[in-house]
Amino acid sequence: RKEVEQDPGPFNVPEGATVAFNCTYSNSASQSFFWYRQDCRKEPKLLMSVYSSGNEDGRFTAQLNRASQYISLLIRDSKLSDSATYLCVGDNYGQNFVFGPGTRLSVLP
Amino acid sequence: AAGVIQSPRHLIKEKRETATLKCYPIPRHDTVYWYQQGPGQDPQFLISFYEKMQSDKGSIPDRFSAQQFSDYHSELNMSSLELGDSALYFCASSIPTGLASADTQYFGPGTRLTVL
């Protein structure tokens, strides 16, 4: 069982839709979490850090539930440019990153 | 803004050859991380350095070694290359925040290694 698990996807949604991704982690010692997006053959790019109960940045909202060891990412008003793989990341005892397998999103015109 | 620089961007090697990948972190970042991403896989942590000392070690094969130099750049040395080493190798850098949690890592564009 992977330490960080995500919805397998792919998610195919029309432009303007709202889409939510789920992520669970098994290491209760993990302190911080991040969402990165990765385009094909490119590097992961930070989308959001997820501290304490969660945070919002424009169309993106991330939530963290430590009791359930669960993180979510909500994307509102999806754009074509949101098409990418979204990687859920937890830390390993406050040090290196552990990546989830990623969820692929395709926003369709 | 300056980003993480990696070189070369693409590298083709034969089995049993050696390869050296270089990483130049964002200015003032003193921590460097190396990740390996195989086709269709998520990035796997290999090794990290803080202030030129190894700070953490992941699933790095014994055939690989790495170091961080006085200017904070890092090199990943890979010997006796195998077909399975073909992957994207990312370097990331961070600056310590002093918090107990992990620091945000910023990734370089990666080196695509192909072993024939």
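Residues numbered from 1 in each chain as written. Chains lettered and ligands numbered in written order. Predicted model: local features only at pLDDT ≥ 70, side-chain atom pairs only at ≥ 80, totals over all residues. Heavy atoms only, no water.

A.B. asks: Please set out the sheet that holds strand β1 (residues 4-6) of chain A residue by residue, giving values where relevant.
C.D. replies: In a beta sheet, neighbouring strands pair by backbone hydrogen bonds and run either parallel or antiparallel. All names here are of chain A. Strand order in the open sheet made by the five strands is β1-β3-β8-β7-β6, with antiparallel pairing throughout. Only two strands of the sheet have a single partner each, and these edge strands are β1 and β6 (54-57). Averaged over all pairs of adjacent strands, the angle between their axes in this sheet comes to 15°, without regard to strand direction. Pairing of strand β7 (residues 60-65) with strand β8 (residues 70-75), which is carried by six bridges, proceeds in the antiparallel orientation. Following the sheet pairing, alanine 62 is matched in β8 by leucine 73. (Pairing = 2+ DSSP bridges. Helix = DSSP H or I, 4+ residues; strand = E, 2+ residues; numbered from the N terminus. Axes fitted to C-alpha atoms, helices over the stretch in contact; angles between N-to-C directions.)

A.B. asks: Tell me about the layout of surface pockets, and please be specific about residues and values.
C.D. replies: Roughly 560 Å³ of internal volume is contained in the largest pocket. If you trace the largest pocket, you find 26 residues lining it, with Gln37(B), Gly38(B), Pro39(B), Gly40(B) and Gln41(B) closest to the centre. Listing elements by their share of the lining of the largest pocket, those giving two or more residues are β9 (84-91) and β11 (103-108) of chain A together with β9 (87-94) and β11 (111-115) of chain B. (1 Å grid on protein atoms, 1.4 Å probe; cavity = no way out; pocket = protein on both sides within 12 Å on 5 of 7 lines; lining within 4 Å. Points joined across faces, edges and corners; volume = space filled by probe spheres on them.)

A.B. asks: How would you explain the sheet that holds strand β7 (residues 64-68) of chain B if you had to name every residue and give the values?
C.D. replies: Residues and elements named next belong to chain B. Taking strand neighbours across the sheet as the criterion, the four strands line up as β1-β3-β8-β7 in an open arrangement whose pairing is antiparallel. Each edge of the open sheet carries a strand with a single partner, namely β1 (5-7) and β7. Looking at each pair of strands side by side, their axes are set apart by 15° on average, direction ignored. Judged from the three bridges that link them, β1 and strand β3 (residues 19-24) form a sheet pairing that is antiparallel. Bridge pairing in β3 links glutamine 6 to cysteine 23.

A.B. asks: Hey, could you go over the nonpolar core for me, with residue numbers and the actual values?
C.D. replies: Core analysis: the largest hydrophobic core is formed by 24 residues, its most contacted members being Phe21(A), Trp35(A), Ile71(A), Leu73(A), Ile75(A), Tyr86(A) and Leu105(A). Looking at this core, the elements with two or more residues in it are β3 (19-25), β4 (33-38), β5 (45-50), β7, β8, β9 and β11 of chain A. Non-local contacts of Ile71(A), meaning those with residues more than four positions away in its chain, are made with Phe21(A), Asn22(A), Cys23(A), Tyr25(A), Phe33(A), Trp35(A), Val50(A), Gln63(A), Leu64(A) and Cys88(A). Residues Leu46(B), Phe49(B), Met78(B) and Tyr89(B) belong to the second largest nonpolar core, which totals 22 residues. (Core = buried A, V, L, I, M, F, W, Y, C linked by side-chain atoms within 4.5 Å. Buried < 20%, exposed > 50% of the residue type's maximum accessible area, 1.4 Å probe, protein only. Contact = heavy atoms within 4.5 Å.)

A.B. asks: Quick rundown of the pairing of strand β8 (residues 74-78) of chain B? Include the residues and the values.
C.D. replies: Residue and element names in this part refer to chain B. Taken across its five residues, β8 has four buried, putting it largely inside the fold. When β3 meets β8, the two strands line up antiparallel, connected through five bridges. Residue pairing for β8: leucine 21 is matched across the bridge by leucine 76. As defined by bridge partners, β7 adjoins β8 across five bridges and the pair is classed as antiparallel. When the bridges of β8 are listed, glutamine 68 appears paired with serine 74. Counted between consecutive antiparallel strands, the loop separating β7 from β8 contains five residues, among which tyrosine 72 sits at a positive phi close to 75°.

A.B. asks: Give me the interface of chain B and chain A: which residues, what numbers.
C.D. replies: A common measure of how large an interface is: the accessible area buried when the components associate. Facing 21 residues of chain B, the contacting portion of chain A comprises 22 residues. Approximately 1700 Å² of surface area, both sides summed, lies buried where chain B meets chain A, with 54% of it carried by carbon and sulfur atoms. Three residues, Asp42(B), Ala102(B) and Phe107(B), lead the burial of chain B against chain A; their summed loss comes to 30% of the area buried on that side. Here chain B and chain A share zero salt bridges between them. Linking chain B with chain A are four residue pairs in polar contact (both at pLDDT 80 or more). Contributing elements (two or more residues each) for the side of chain B that touches chain A: β4 (31-37), β5 (44-50), β6 (53-57), β9 and β10 (106-107) of chain B. Here the residues of the side of chain B that touches chain A sort into ten nonpolar, seven polar and four charged. (Buried area = accessible area lost by both parts, 1.4 Å probe. Salt bridge = Lys/Arg side-chain N within 4 Å of Asp/Glu carboxyl O. Polar contact = N/O pair within 3.5 Å; in protein donor to acceptor, adjacent residues only side chain to side chain. Nonpolar A, V, L, I, M, F, W, Y, C, P; charged D, E, K, R; others polar.)

A.B. asks: Run through the state of the cysteines, naming residues and quoting values.
C.D. replies: Under the definition given, this model contains two disulfides over all chains. At a sulfur-sulfur separation of 2.0 Å, the disulfide partner of Cys23(A) is Cys88(A). Taking the sign of the S-S torsion, -80° for the link of Cys23(A) and Cys88(A), the bridge is left-handed. Pair noted here: Cys23(A) is in strand β3 and Cys88(A) is in strand β9, with a separation of 65 residues, a long-range link. The disulfide partner of Cys23(B) is Cys91(B), and the S-S distance across this bridge is 1.7 Å. Classification of the bridge connecting Cys23(B) and Cys91(B) rests on its S-S torsion, roughly -55°, and on that basis the disulfide is left-handed. (Disulfide = S-S within 2.5 Å.)

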